[in-house]
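Here is what each chain is made of, one letter per residue.
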Amino acid sequence: MKNAMKNSIKLITVLMMFVLSLSIAGCRNSKVNIEELKQHKGPMLVITSMSAGEGTVEEFEDSIYEISVSYDGRAHIPNPIDDYEPMMSDEDFTKLYKFCVDAVEKDKFADYKEDVSDGTVYTFTFYDLEGVSHEIYSGYCYSNKDLQDAIATITDYTID
């Protein structure tokens, strides 16, 4: 009787673990509900760039530039005349959201580094649905396709 009870508990435990693992795997592969995401307020991704070369404090401060995407789907791209906030396509918005989530979940850029001594340094910050910030990457990114693609996806919305 005791062995039968132990076996039943083991079997139930294994089944529960199996069901839990299936539900976790299903959540990761589920489609992004864009309309639900767009109900959230605030920034989703902020990319800050700054010059890392030699220069004065004023030149350094003037070199800081920030682009962003908010959860409502707007891309914020400052320009000298007016701040421009076009609505991104659902495809681009989803691509950036998945990039951010994937980068944070997998700590994708933790060991990434480029051996460069000057130029532009970028900081990618993702804000999750609770508004908690997660630094995806900070450093040079001349050779990283994923990071460059994130920048290009936003800056493709600039007015030429």
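What comes next concerns the included structure. Keep in mind it's a predicted model, so treat the numbers as computed, not measured. (Residues numbered from 1 in each chain as written. Predicted model: local features only at pLDDT ≥ 70, side-chain atom pairs only at ≥ 80, totals over all residues. Heavy atoms only, no water.)

**Here we look at the packing of aromatic side chains**
Under the defined criterion, the tally for this structure stands at six aromatic pairs. For the pair Y97 and F126, a centre-to-centre distance of 6.2 Å together with 65 degrees between the ring planes defines the contact as edge-to-face. You can see Y97 sitting in helix α4 (residues 90-105) and its partner F126 sitting in strand β4 (residues 120-127), a full 29 residues away along the chain. One exposure class covers both Y97 and F126, and it is buried. Here the aromatic residues F99, F109, Y112 and Y137 are joined through ring pairs into a cluster of three or more. Geometry around F93 places K38 over its ring, the cationic atom sitting 5.5 Å from the centre. (Phe/Tyr/Trp six-rings, centres within 6.5 Å; stacked < 30°, edge-to-face > 60°. Helix = DSSP H or I, 4+ residues; strand = E, 2+ residues; numbered from the N terminus. Buried < 20%, exposed > 50% of the residue type's maximum accessible area, 1.4 Å probe, protein only. Lys NZ or Arg CZ within 6 Å of the ring centre and 35° of its normal.)

**Comments concerning the side chain of T125**
Here T125 shows up in strand β4. Residue classification places T125 among the buried positions, given a relative accessible area of 16%. Those residues in contact with T125, other than ones at most four positions away along the chain, are M44, L45, V46, S133, H134 and E135. (Contact = heavy atoms within 4.5 Å.)

**Some points on the nonpolar core**
Side chains of nonpolar character tend, in soluble globular proteins, to be buried together. Residues M44, I47, L96, F99, F124, I136 and I154 are the most contacted members of the largest nonpolar core, which totals 29 residues. Among the elements that make up this core, the one with the highest residue count is α4 (six residues). When near neighbours in sequence (up to four residues on either side) are disregarded, I154 contacts L45, I47, I67, S68, V69, A75, I77 and L96. (Core = buried A, V, L, I, M, F, W, Y, C linked by side-chain atoms within 4.5 Å.)

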